[in-house]
Amino acid sequence: MNCRSEVLEVSVEGRQVEEAILAMLHTILLHRSSGKFHYKKEGTYSIGTVGTQDVDCDFIDFTYARVSSEELDRALRKAVGEFKDALRSSGSDGIGQISLEFYQKKKSRWPFSDECIPWEVWTIKVNVVNLANEQERQICREKVGEKLCEKIINIVEVMNRHEYLPKMPTQSEVDNVFDTGLKDVQPYLYKTAYQITDSLGTSVTTTMRRLIKDTLAL
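Residues numbered from 1 in each chain as written. Predicted model: local features only at pLDDT ≥ 70, side-chain atom pairs only at ≥ 80, totals over all residues. Heavy atoms only, no water.

Draft legend 1. How the structure looks around the overall build of the protein chain. In terms of helices and strands, the protein chain carries 4 helices and 10 strands. Counting only residues that meet the buried cut, the protein chain has 44% of its 218 residues in that class. Restricting the contact set of the protein chain to residue pairs at least 6 apart, pairs at least 24 apart contribute 73%. When the accessible surface of the protein chain is split by element, carbon and sulfur atoms take 47% of a total near 11,800 Å². (Helix = DSSP H or I, 4+ residues; strand = E, 2+ residues; numbered from the N terminus. Buried < 20%, exposed > 50% of the residue type's maximum accessible area, 1.4 Å probe, protein only. Contact = heavy atoms within 4.5 Å. Areas by Shrake-Rupley, 256 points an atom, 1.4 Å probe, with all protein chains shown as cover.)

Draft legend 2. The arrangement of the sheet that holds strand β8 (residues 115–129) in detail. Judged by pairing direction, the sheet is mixed, and its 4 strands sit side by side in the order β1-β8-β7-β10 without closing on themselves. Strands with a single pairing partner mark the edges of an open sheet, and in this sheet they are β1 (4–13) and β10 (190–196). On average, each strand axis in the sheet is inclined to that of its neighbour by 20°, with strand direction left out of account. Pairing of strand β7 (residues 95–106) with β8, which is carried by 12 bridges, proceeds in the antiparallel orientation. Counted as the bridge partner of G96 is V126 from β8. Sitting on the sheet, helix α2 (residues 70–89) touches β7, β8 and β10, and the angle it makes with β10 is about 10°. (Pairing = 2+ DSSP bridges. Axes fitted to C-alpha atoms, helices over the stretch in contact; angles between N-to-C directions.)

Draft legend 3. Structural context of the packing of aromatic side chains. Scanning the model with the defined rule gives 9 aromatic pairs in all. Here Y39 and Y45 contribute two aromatic rings whose centre-to-centre distance is 5.4 Å and whose plane-to-plane angle is 50°, an arrangement assigned as tilted. Directly above the ring of Y103 sits K191, whose terminal nitrogen or CZ lies 5.4 Å from the centroid. (Phe/Tyr/Trp six-rings, centres within 6.5 Å; stacked < 30°, edge-to-face > 60°. Lys NZ or Arg CZ within 6 Å of the ring centre and 35° of its normal.)

Draft legend 4. Just the environment of L30, in detail. Within the secondary structure, L30 is located in helix α1 (residues 17–31). As for L30 and P187, which are separated by 157 residues in sequence, their C-alpha atoms are 8.4 Å apart.

Draft legend 5. Quick look at the packing of α1 against α2. At a closest axis distance of 10 Å, the pairing of α1 and α2 adopts a crossing angle of 140°. Between α1 and α2, the interaxial angle falls into the category oblique. Seen from above, α1 lies across α2 with right-handed handedness. Contacts between α1 and α2 pair V17, E18, I21, L22, L25, H26 and L29 from the former with L72, D73, L76, R77, V80, F83, K84 and L87 from the latter. Here the contact of α1 with α2 is composed, by residue class, of 10 nonpolar, 1 polar and 4 charged. (Parallel < 35°, antiparallel > 145°, perpendicular 65-115°, else oblique. Left-handed = near helix turned anticlockwise from the far one by under 90°. Nonpolar A, V, L, I, M, F, W, Y, C, P; charged D, E, K, R; others polar.)

Draft legend 6. Main features of the nonpolar core. Core analysis: the largest hydrophobic core is formed by 49 residues, its most contacted members being I21, F102, W122, I124 and V126. The biggest single contributor to this core is α1, with 9 residues. For I124, the residues in contact, after removing those within four places along its chain, are L8, V10, I21, M24, L25, G96, Q97 and I98. (Core = buried A, V, L, I, M, F, W, Y, C linked by side-chain atoms within 4.5 Å.)

Draft legend 7. Quick look at the packing of α1 against helix α3 (residues 134–159). Between α1 and α3, the least distance of the axes is 10 Å, while the angle of their chain directions is 20°. Classified by the angle between their axes, α1 and α3 sit roughly parallel to one another. Relative to α3, α1 is oriented so that their crossing is right-handed. Residue-level contacts link A20, A23, M24, T27, I28 and H31 of α1 to L148, K151, I152, I155, V156 and M159 of α3. Broken down by class, the residue content of the contact of α1 with α3 amounts to 9 nonpolar, 2 polar and 1 charged.

Worth remembering: the numbers are spatial, not functional.
Here it is as structure tokens:
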């Protein structure tokens, strides 16, 4: 199985890190989640509905939609919060990346553990910029909102491609494909990981600063 890989890159102010990443991760999981499966008998099931809600960002001029699941939101906020804290304390000029990997399990014979096979990975590269004053922060608030809109459109375009998704499992195999541990939604199995590094380059940071300077010059 070939694993698809998608890379998104954003340049944000420190206080925008959490909101920007959550907007993208929630958008991805909105398209990679289903309602809870209710099996009547093997091979026959119904799927519950997935509620959605809008989220208004505090530090970015942007509103995004997410699955209406507090459990899923808490899990993502915990992962993003750990990444944000590591980014802040790393001393690596605010450069890092967080990934969201979707996988399915392949049962192995005892005594070996199940094999986790990734089928899609989203990587978000983050560059944190330091701004001099409130005027620059206001411009950054607007520009990051515009960039996030572009990223969300890009995510939706990828989701609309007719590419591999795990086939709908039987009742006995549902845990190999979906995370059934949440009470109100059923996302594909996923895991997050992050990396703090100073080798991702500064092209996006430079671009954001240039955008701010160009706007100030108008």
